[in-house]
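A closer look at the structure
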Amino acid sequence: MSQTLTMRRPDDWHLHLRDGVMLQAVLPETTRHFGRAIIMPNLVPPVVRSADAIAYRERIMAAMPDGAEFQPLMTLYLTEDTDPDDVAAAHASGLIKAVKLYPAGATTNSSSGVTDFDKVRAVLERMAEIGLNLCVHGEVTDADVDIFDREAVFIDRVLDPIRRATPGLRVVMEHITTQNGAAYVLANDTDLAATITTHHLMINRNHLLVGGIRPHYYCLPVAKREEHRLALVQAATSGDARFFLGTDSAPHTDPNKESACGCAGVFSATNTMSCLAHVFEAQNALDKLEAFASLNGPAFYRLPANESTITLTKGDPVRFPDKLMTGEGPLTLFDPGHPLHWHVSAS
Ligand SMILES: NC(=O)N[C@@H](CC(=O)O)C(=O)O
Ligand SMILES: [Zn+2]
Ligand SMILES: [Zn+2]
C-alpha cells in the first residue's frame, strides 16, 4: 500500500525570484506547490522604497503562470537611508510583510546593506511599534572572523544587542545554519523565529568540499559541520512553532556557479517538498512536516494558513530535471545525492 500524506499547502518564507527572464523561468517552480512566498529584495538595484516593491510585485504578477493562485509577499531592503515613514506606509497599505536586513557585503547583492547599525535605529524602532517583521541575514563580515563562525559571532555582536535595544521588534533569523542559531531561538521569547532551508537539512560542509569542490552546494551562510546539520534537523522536525521553511532557493546560472569565483546560492524550489518529506520521514516525523512547511510560518507572520492542500505520495523515485533552461542560461537544480521517493500533487 502506498503511503500518502495530505497537508495544508506550504509557503516559502525566504525566496529569491530575481527578475526578467530568470523570474519567468523560476516562478512556476514555486507556484506549483507553494501558496505564498516572502520575496527577497536583493535585486540589482535592490527593492528599497515602496515604489520599488509595487513595481517588482507587478513584474512578478505579470510572469505568473496561468491558473496559479500564488501570492508574492513583498519585502523592502533596509539601507542606512531607509525612511521610517515610507516603511510604515508600505506596511499599513498591506504592500510589504517584512523588511530585510543585509549586513553590507555579507552575501549576493548586499553592497547596499547596513554597515553602521545606529543609522537604522529609527527604522527598527518604528517596526517594533507597528509590529512589522525584520528578516535578518545573520552573518558578520569582519575580515578577522572565520567564515564558519560568522553566524555565531553575529548573534553575540549584532543581533542580541539590537534585540535588547529594541523591545518588541519581531525578528526572523533567516536560513540558520548552526546549533548556535537554533539554541538562540529556543532561549528567547515569542518575538523571535528562524527559517531553515531545504539544503541545510541535507548537506554539511563535507558534501561541499570532499572529493572535489561542488559549486552547486555553495551558498551563504555556508554549510557547517554535521553536528550543526543535526541540530537543524532536530529544530525543523520538532514541531516547535518558532522554526519554519524558507527554502532560500537562489538561482544563479551554471556559468556563474561553475567559475573561479562562483556565486553563492542553491536552487531548490522544484524539489523542496520531496526533499523535506524525505528528511522528515527519516526522523519519523512526517506528522510534523505540515507545522514546519505550512503552519508555523503563517502563525509568526500573523496570517491564516492556506485553505487548499497538497498530497504527498511515496512511490518510485521521482524524476526531476538536472537543469532548467532559462533565458540567461542553464540553471542546476539542488541534488541531494540520493533518490527521492515522495511525489507531490497539488489540489
Ligand atoms: N543564500 C545565498 O547563498 N544566496 C542568496 C542571498 C542570501 O540569501 O544570502 C542569493 O541571492 O543568491
Ligand atoms: Zn541571506
Ligand atoms: Zn536568501
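Residues numbered from 1 in each chain as written. Chains lettered and ligands numbered in written order. Predicted model: local features only at pLDDT ≥ 70, side-chain atom pairs only at ≥ 80, totals over all residues. Heavy atoms only, no water.

**Details of helix H5 (residues 150-165)**
The end-to-end C-alpha separation of H5 is 21 Å, in line with the 22 Å expected for 16 residues at 1.5 Å each. In the structure, H5 departs most strongly from a straight axis at aspartate 156, where the bend amounts to approximately 40°. Residues of H5 that are buried: Arg150, Glu151, Val153, Phe154, Ile155, Val158, Leu159, Asp160, Ile162 and Arg163. In the core, the buried residues of H5 are packed alongside helix H4 (121-130), strand S6 (133-136), strand S7 (171-173), helix H6 (179-186) and strand S8 (192-196). (Helix = DSSP H or I, 4+ residues; strand = E, 2+ residues; numbered from the N terminus. Expected span 1.5 Å × (residues − 1). Bend = angle between axes of the 7 residues up to and from the residue. Buried < 20%, exposed > 50% of the residue type's maximum accessible area, 1.4 Å probe, protein only. Contact = heavy atoms within 4.5 Å.)

**Some remarks on the pairing of strand S5 (residues 96-101)**
Of all six residues that make up S5, five are buried, and the element is covered over most of its length. With four bridges joining them, strand S4 (residues 71-77) and S5 adopt parallel strand pairing. Across the sheet, threonine 75 pairs through a bridge with alanine 98, a residue of S5. Summarising the sheet, S5 and S6 pair through four bridges and their orientation is parallel. Note that in S6 the partner of alanine 98 across the bridge is asparagine 133. Where the polypeptide runs from S5 across H4 and back to S6, its parallel neighbour, the crossover connection is right-handed. (Pairing = 2+ DSSP bridges. Right-handed = clockwise from strand over helix to strand, strands pointing away.)

**With respect to the coordination of the zinc ion (ligand 2)**
For the zinc ion (ligand 2), the full set of protein donor atoms is His137 (ND1) and His175 (NE2), and the range of their distances to it is 2.0 to 2.1 Å. What the four donor atoms of the zinc ion (ligand 2) show is an angle range of 53 to 149° at the metal, which sorts the shape as irregular. A distance of 3.9 Å spans the gap from the zinc ion (ligand 2) to the zinc ion (ligand 3). One end of the pair, histidine 137, is in the loop between S6 and H5; the other, histidine 175, is in the loop between S7 and H6, with 38 residues separating them in the sequence. (Donors = N, O, S within 2.8 Å, 3.2 Å for Na, K, Ca; no water. Tetrahedral: all angles 85-135°; square planar, octahedral: opposite > 155°, others 65-115°.)

**Here we look at the site of ligand 1**
Neighbouring ligand 1 are 15 residues; Arg18, Thr107, Leu220, Asp248 and His252 lie closest to it. One of the side-chain nitrogen or oxygen atoms of asparagine 42 is found 2.8 Å away from an oxygen atom of ligand 1. With respect to ligand 1, the side chain of threonine 107 contributes an N or O atom lying 2.7 Å from an oxygen atom. With the chains in place, 100% of the 310 Å² that ligand 1 exposes on its own is no longer accessible. Looking at the shell around ligand 1 residue by residue, the class counts come to four nonpolar, nine polar and two charged. (Near = heavy atom within 4 Å. Polar contact = N/O pair within 3.5 Å; in protein donor to acceptor, adjacent residues only side chain to side chain. Areas by Shrake-Rupley, 256 points an atom, 1.4 Å probe, with all protein chains shown as cover. Nonpolar A, V, L, I, M, F, W, Y, C, P; charged D, E, K, R; others polar.)

**Description of the packing of helix H10 (residues 272-282) against helix H11 (residues 289-300)**
Axis angle and axis distance: for two packed helices, these are the angle between their axes and the distance between the axes, and together they describe the pair. Remark: H10 packs on H11, axes separated minimally by 9 Å, with the N-to-C direction vectors making an angle of 140°. As far as their axial angle goes, H11 and H10 are oblique. Contacts between H10 and H11 involve Met273, Leu276, Ala277 and Phe280 on the former and, on the latter, Leu289, Phe292 and Ala293. In terms of residue class, the contact of H10 with H11 is made up of seven nonpolar, no polar and no charged. (Axes fitted to C-alpha atoms, helices over the stretch in contact; angles between N-to-C directions. Parallel < 35°, antiparallel > 145°, perpendicular 65-115°, else oblique.)

**Considering the packing of aromatic side chains**
As enumerated under the stated definition, the model contains eight aromatic pairs in all. Ring geometry for tryptophan 13 and phenylalanine 244: centres 6.3 Å apart, planes at 75°, overall edge-to-face. Residue tryptophan 13 is located in strand S2 (residues 12-15), and its partner phenylalanine 244 is located in strand S9 (residues 243-245); the two are separated by 231 residues in the primary sequence. Across the pair, phenylalanine 244 and tryptophan 13 agree in class, each one buried. Counting every residue linked through ring pairs, the aromatic cluster contains Trp13, Phe244, Phe300 and Tyr301. Between the NZ or CZ atom of arginine 170 and the centre of the ring of phenylalanine 300, over which it lies, the distance is 4.2 Å. (Phe/Tyr/Trp six-rings, centres within 6.5 Å; stacked < 30°, edge-to-face > 60°. Lys NZ or Arg CZ within 6 Å of the ring centre and 35° of its normal.)

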